[in-house]
Amino acid sequence: MFPDFRLGAVLATSFTATLTERRGDSVERIPTPERLVDWLAISGLSVASCTDAELDRARGLREAIHAAATAAARQDPLPPPAVRVINDCSTNGGAAAVLTPEGARRWQLSDSSSVADALSVIAADAVAVIAGERPGRLALCASPTCQAAFFDTSQSRTRRWCDMNTCGNRAKKARFNAARS
């Protein structure tokens, strides 16, 4: 059985969460091409199939987004190789932005869309987030084993955990156990 996906409100940082516990015993949540197809479908970017080469390209984009988002969160210069990968993926796909009845933007792929089309949407989302085009801030999870990049849209912009149900809960449990000792 595969580990559950961690889905957030921001596509690009949710995609980076397909590899978790980066500083501990990492957990790969898209170990197979079929699992990437599953993640894309759950994220509204359905594609018919995925090859091993496309999975490798997707993981390359994931790591580029993570590197650039981490640098942006630390207010460091963006790594040029990561920028190149993000830009390359962003410009090599065909997807359309459509307006939902609720007035929100949604990406639409055609029935014949490929993984490259889906990756272009994820890369475009990363560009918007890293460039600061959305209200919120990039931050890094306070868990020493996680360090995931996430997009903080809380009112105070002081969120500490990528996911309160995992990293935040572990920290609370550790504090509780330390206080009882």
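Our subject is the structure listed above.
Each value, and the rule that gives it
Residues numbered from 1 in each chain as written. Predicted model: local features only at pLDDT ≥ 70, side-chain atom pairs only at ≥ 80, totals over all residues. Heavy atoms only, no water. Core = buried A, V, L, I, M, F, W, Y, C linked by side-chain atoms within 4.5 Å. Buried < 20%, exposed > 50% of the residue type's maximum accessible area, 1.4 Å probe, protein only. Helix = DSSP H or I, 4+ residues; strand = E, 2+ residues; numbered from the N terminus. Contact = heavy atoms within 4.5 Å. Polar contact = N/O pair within 3.5 Å; in protein donor to acceptor, adjacent residues only side chain to side chain. Salt bridge = Lys/Arg side-chain N within 4 Å of Asp/Glu carboxyl O.

Draft legend 1. Summary view of the nonpolar core. One finds Phe15, Leu36, Leu61 and Ile122 to be the most contacted residues of the largest nonpolar core, which totals 29 residues. Those elements giving two or more residues to this core turn out to be helix 1 (11–16), helix 2 (33–42), helix 3 (52–73), helix 4 (80–91) and helix 5 (115–130). Broken down by element, this core gets its largest block of residues, seven residues, from helix 5. With residues near it in sequence (within four places) discarded, leucine 36 still touches Phe15, Ile30, Cys50, Glu54, Leu55, Ala58 and Val115. Membership of the second largest hydrophobic core comes to eight residues, among which are Ala139, Cys146, Ala148 and Cys167.

Draft legend 2. Representation of the environment of serine 110. As for its position among the elements, serine 110 is in the loop between strand 4 (105–108) and helix 5. Given the relative accessible area of 43%, serine 110 is considered partly exposed. Considering only alpha carbons, one finds serine 110 and alanine 95, 15 residues apart in sequence, at a separation of 7.4 Å.

Draft legend 3. Structural view of the side chain of threonine 16. For threonine 16, the location among the structural elements is in helix 1. Aside from chain neighbours lying at most four places away, what touches threonine 16 is Arg22, Arg62, Ile65, His66 and Ala149.

Draft legend 4. Local environment of unusual backbone geometry. Positioned with a positive phi, glutamine 147 is a non-glycine residue whose angle comes to about 60°. Along the polypeptide, glutamine 147 turns up in the loop between strand 5 (137–140) and strand 6 (149–152). A positive phi angle, near 60°, is found at arginine 157, a position not held by glycine. With respect to the helices, strands and loops of the structure, arginine 157 is situated in the loop between strand 6 and helix 6 (164–180). The exposure class of arginine 157 is partly exposed, given its relative accessible area of 27%.

Draft legend 5. A look at the environment of threonine 158. With respect to the helices, strands and loops of the structure, threonine 158 is situated in the loop between strand 6 and helix 6. Along the backbone, threonine 158 and arginine 137 are 21 residues apart, and their C-alpha atoms lie at a distance of 9.3 Å. Within polar-contact distance, the side chain of threonine 158 engages the side chain of serine 156 at 2.6 Å.

Draft legend 6. Structural view of the pattern of salt bridges. Within the structure shown, the criterion is met by seven salt bridges. Of the charged contacts in the structure, one is a salt bridge between arginine 62 and glutamate 63, with a shortest N-O distance of 2.8 Å. Residue classification places arginine 62 among the buried residues on the basis of a relative accessible area of 3%. Here arginine 137 ties to aspartate 152 by a salt bridge, and the two come within 3.6 Å at their closest N and O atoms. One end of the pair, arginine 137, is in strand 5; the other, aspartate 152, is in strand 6, with 15 residues separating them in the sequence. Judged by relative accessible area, which is 31%, arginine 137 ranks as partly exposed. For aspartate 152, a relative accessible area of 0% puts it in the buried group. Connected via shared salt-bridge partners are Arg22, Glu28, Arg59, Arg62 and Glu63.

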